[in-house]
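Survey of secondary and tertiary structure
Now for the letters of each chain:
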Amino acid sequence: MRELGTLEFTSHWRLFAWMSKSMELDCRSSQQTRSLSQCLQEQETNRRRKSTSDMASSSISSIIPIVLFPLVLSCLICPARSSESDGSSQPDNQTLLAGRELQKLRKIREHLKKMNKDAVKTIQSLDGDLIDCVPADQQPAFDHPQLRGQKPKELPERPKGHEESGMIETSFQLWHLGGEECPEGTIPIRRTREEDMLRASSIRRFGRKGIRSVRRDFTSSDHEHAVGYVSGDQYYGAKASINVWAPKVTKPYEFSLSQVWVISGSFGNDLNTIEAGWQVSPELYGDSHPRFFTYWTTDAYQTTGCYNLLCSGFIQTNSRIAIGAAISPTSSYKGGQFDISLLIWKDPKHGNWWLQFGSGILVGYWPSLLFTHLRDHATMLQFGGETVNSRQDGFHTSTQMGSGHFSGEGFGRASYFRNLQAVDWDNSLVPLSNLKVLADHPNCYDIQGGINNVWGNYFYYGGPGRNVRCP
């Protein structure tokens, strides 16, 4: 192999330096969520392996024209990149993309610094979650301008007629299985990480539902529902026991949930909702576990509110329940059935909307000052399932609702809501009157209601999504 002259060697070394920089820009502009350092390390390892191979076969390489050196070097540096080039503008485009990615990463880290509070203890969950034990008076809710400096309110007045009927206590979440707990005076918060935010469609929409996330009519965009509801009166709370499953979600930006909605306002931009239940959301959580969640909005899901504790709003008072953490166990087809009991009601003394789990376990509350219409009362209560149908492949999604089976299959096969009740003006739990059921797309997900002496008002609901009757 011939020796390179000084000028020629310098030229090739400059070419190598430029291509190394290009390799770094390629890695920075990658849309994958692996780190830049990982990308560079992998490509450098490939380059060295290839370089060693070339040295071993130097007698053969002597016949390769020196004009092919840049092409060979390009392959050594970044073998996974496409050979297509857009000409001399490529470095400029790479620089622009790298700049955008770095700016996005900086914004994410700034957001996480505000969101994730200093913890006195961190618990590693078996599913990979990190649960931070944060002093109760330092939780995200108190970042709200109107809540700053406040402390959690005194306990509320419970609704009349409430019975201790929950099937489980607080050991229903995976992070408890290791036997660790948060200290008294702290609350458990699921830590949000960079990869969680990188999965989101945008930083601005992270932790928020899509615009149409409540049943309005039969043309509810890509959000589909199978629900029972009451309206036409003044409501001060809702209660239900919700069957828990782990439905299959087939697309990364879809979800499947089962929940209670407390609603007021019109279905325009002033819609107020308070929501709680369980959901499977790969985009939000990065896995397929069903998770306990809360939500609220005062402007129809546009700019206010969020899931769980991902913004200031909901004030948590419980030290053993982590909102957003995975639920275990779950129901199985023709096997054991598992449900969670939730009660949302307006405290008549202070006007805040409280959330109770199971047999009298207070989780926390939504301050009344967050809302407009819900400062007074709700005008609709809604119970049931919701999915997102993105139709990415031109067909209806195969994302399941509930158990993934239609309501007609009944207990042990179809998912259910039972013991549906409302809280009236006198802070009393009463049976629902005139419960209506509705499915947006009954060939994909359906619902059947009923009433008996054991379950009171109830319904079965759900479905597989795409099937022969739902193309």
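Keep in mind that what you see is a predicted model, and the values were worked out from it rather than measured.

Remarks on the overall build of the protein
Secondary structure assignment for the protein yields 7 helices and 18 strands. Counting across all 471 residues of the protein, residues that qualify as buried make up 49%. By sequence separation, contacts in the protein at least 24 residues apart represent 74% of the contacts at least 6 residues apart. With the model as given, the accessible surface of the protein reaches about 22100 Å², and the carbon-plus-sulfur share is 51%.

Quick word on the sheet that holds strand β7 (residues 272–280)
Reading across from one edge, β8-β7-β6-β13-β4-β16 is the order of the 6 strands in this open sheet, with antiparallel pairing throughout. A strand with exactly one partner marks an edge of an open sheet, and here the two such strands are β8 (291–297) and β16 (436–439). Taking each pair of neighbouring strands and ignoring which way they run, the sheet shows an average axis angle of 15°.

Description of the pattern of salt bridges
Under the definition given, this model contains 17 salt bridges. Of the charged contacts in the structure, one is a salt bridge between K349 and E154, with a shortest N-O distance of 2.8 Å. Of the two residues, K349 is situated in the loop between β10 (339–346) and β11 (353–357) and E154 in the loop between β2 (130–135) and β3 (186–190); the sequence distance between them amounts to 195 residues. Given a relative accessible area of 59%, K349 falls into the exposed group.

A look at the pairing of β11
Most of β11 sits out of view: 5 of its 5 residues are buried. Residues of β11 alternate between two faces, with W353, L355 and F357 on one and W354 and Q356 on the opposite face, all of them buried. Strand direction decides the pairing type here: β10 and β11, joined by 5 bridges, are antiparallel. Bridge pairing in β11 places I344 opposite L355. Connecting β10 to the next strand, β11, in antiparallel fashion are 6 residues, including G351 with a positive phi near 85°.

Re the state of the cysteines
Counted under the stated rule, the structure contains 3 disulfides. One disulfide in the model links C306 with C311; its S-S distance is 2.1 Å. Across the S-S bond linking C306 and C311, the dihedral sits near -85°, which makes this disulfide left-handed. Each disulfide pairs two cysteine sulfurs, and for C444 the partner residue is C470, the sulfurs being separated by 2.0 Å. In this structure, the disulfide formed by C444 and C470 twists by about 90° around the S-S bond and is classed as right-handed.

Quick look at the environment of L381
Along the polypeptide, L381 turns up in strand β13 (residues 378–388). The residues touching L381, leaving out its near neighbours within four places in the chain, are G228, Y229, V230, Y235, G237, A238, W261, V262, A422 and L432.

Regarding the confidence of the model for the protein
Predicted confidence across the protein gives a mean pLDDT of 83, with 77% of residues reaching 70 or more. Residue range residues 1–41 is modelled with pLDDT below 50. Its contacts to residues more than four positions away, or to other chains, number 50 contacts. The model gives residues 50–87 a pLDDT under 50, and that stretch makes 34 contacts with residues more than four places away or in other chains.

Let's talk about the pairing of β8
For β8, the buried fraction is high: 7 of the 7 residues fall into the buried class. The alternating pattern of β8 places R291, F293, Y295 and T297 on one face and F292, T294 and W296 on the opposite face, and all of these are buried. In this sheet, β8 lies alongside β7 in antiparallel orientation, the contact comprising 7 bridges. Its bridge partner lying in β8, E275 is registered against Y295.

Concerning the nonpolar core
Generally speaking, nonpolar side chains in soluble globular proteins are found buried as a group. Counting residues in hydrophobic clusters, the biggest one holds 80 residues, and the most contacted among them are W366, L381 and F383. With 12 residues, the next largest nonpolar core counts F142, L147, I315 and L362 among its residues.

Quick look at the side chain of E224
Note that E224 resides in strand β4 (residues 223–235). No salt bridge is formed by the buried E224; the nearest opposite charge belongs to R391, separated by 6.0 Å. Non-local contacts of E224, meaning those with residues more than four positions away in its chain, are made with G385, E386, T387, N389, H396, M401, D440, H441, C444 and Y445.

What about the packing of aromatic side chains?
In this description, an aromatic ring pair is defined by two values, namely the gap between the centres and the angle between the planes. Per the counting criterion, the structure on display carries 19 aromatic pairs. Here the aromatic rings of Y416 and W455 are separated by 4.6 Å at their centres, their planes lie at 35°, and the arrangement is tilted. Taken together, the residues Y416 in strand β14 (residues 415–423) and W455 in the loop between β17 (446–452) and β18 (456–462) connect sequence positions 39 residues apart. Judged by relative accessible area, Y416 falls into the buried class, the value being 3%. An aromatic cluster of at least three residues, connected via ring pairs, comprises F411, Y416, W455, Y458 and Y460. The lysine or arginine in question, R466, covers the ring of F395, its NZ or CZ lying 4.0 Å from the ring centre.

A few points about the side chain of Q279
As for its position among the elements, Q279 is in strand β7. Its relative accessible area of 0% is what places Q279 among the buried residues. Side chain to side chain, Q279 and Y307 meet in a polar contact 3.3 Å long. Discounting residues that sit within four places of it in the chain, Q279 has contacts with S256, L257, L284, Y285, H289, P290, R291, F293 and Y307.

So, the environment of T399
Checked against the element boundaries, T399 lands in the loop between β13 and β14. We classify T399 as buried; its relative accessible area is 0%. Distance in space between the C-alpha atoms of T399 and N389 is 7.6 Å, their sequence separation being 10 residues. Contacts of T399, omitting those with residues within four sequence positions, involve K248, V249, T250, K251, E254, F255, S256, T387, Y445, P464 and G465.

Cut-offs used in this document
- Residues numbered from 1 in each chain as written.
- Predicted model: local features only at pLDDT ≥ 70, side-chain atom pairs only at ≥ 80, totals over all residues.
- Heavy atoms only, no water.
- Helix = DSSP H or I, 4+ residues; strand = E, 2+ residues; numbered from the N terminus.
- Buried < 20%, exposed > 50% of the residue type's maximum accessible area, 1.4 Å probe, protein only.
- Contact = heavy atoms within 4.5 Å.
- Areas by Shrake-Rupley, 256 points an atom, 1.4 Å probe, with all protein chains shown as cover.
- Pairing = 2+ DSSP bridges.
- Axes fitted to C-alpha atoms, helices over the stretch in contact; angles between N-to-C directions.
- Salt bridge = Lys/Arg side-chain N within 4 Å of Asp/Glu carboxyl O.
- Disulfide = S-S within 2.5 Å.
- pLDDT = per-residue confidence, 0-100.
- Core = buried A, V, L, I, M, F, W, Y, C linked by side-chain atoms within 4.5 Å.
- Lys, Arg positive; Asp, Glu negative; His and termini not counted.
- Phe/Tyr/Trp six-rings, centres within 6.5 Å; stacked < 30°, edge-to-face > 60°.
- Lys NZ or Arg CZ within 6 Å of the ring centre and 35° of its normal.
- Polar contact = N/O pair within 3.5 Å; in protein donor to acceptor, adjacent residues only side chain to side chain.

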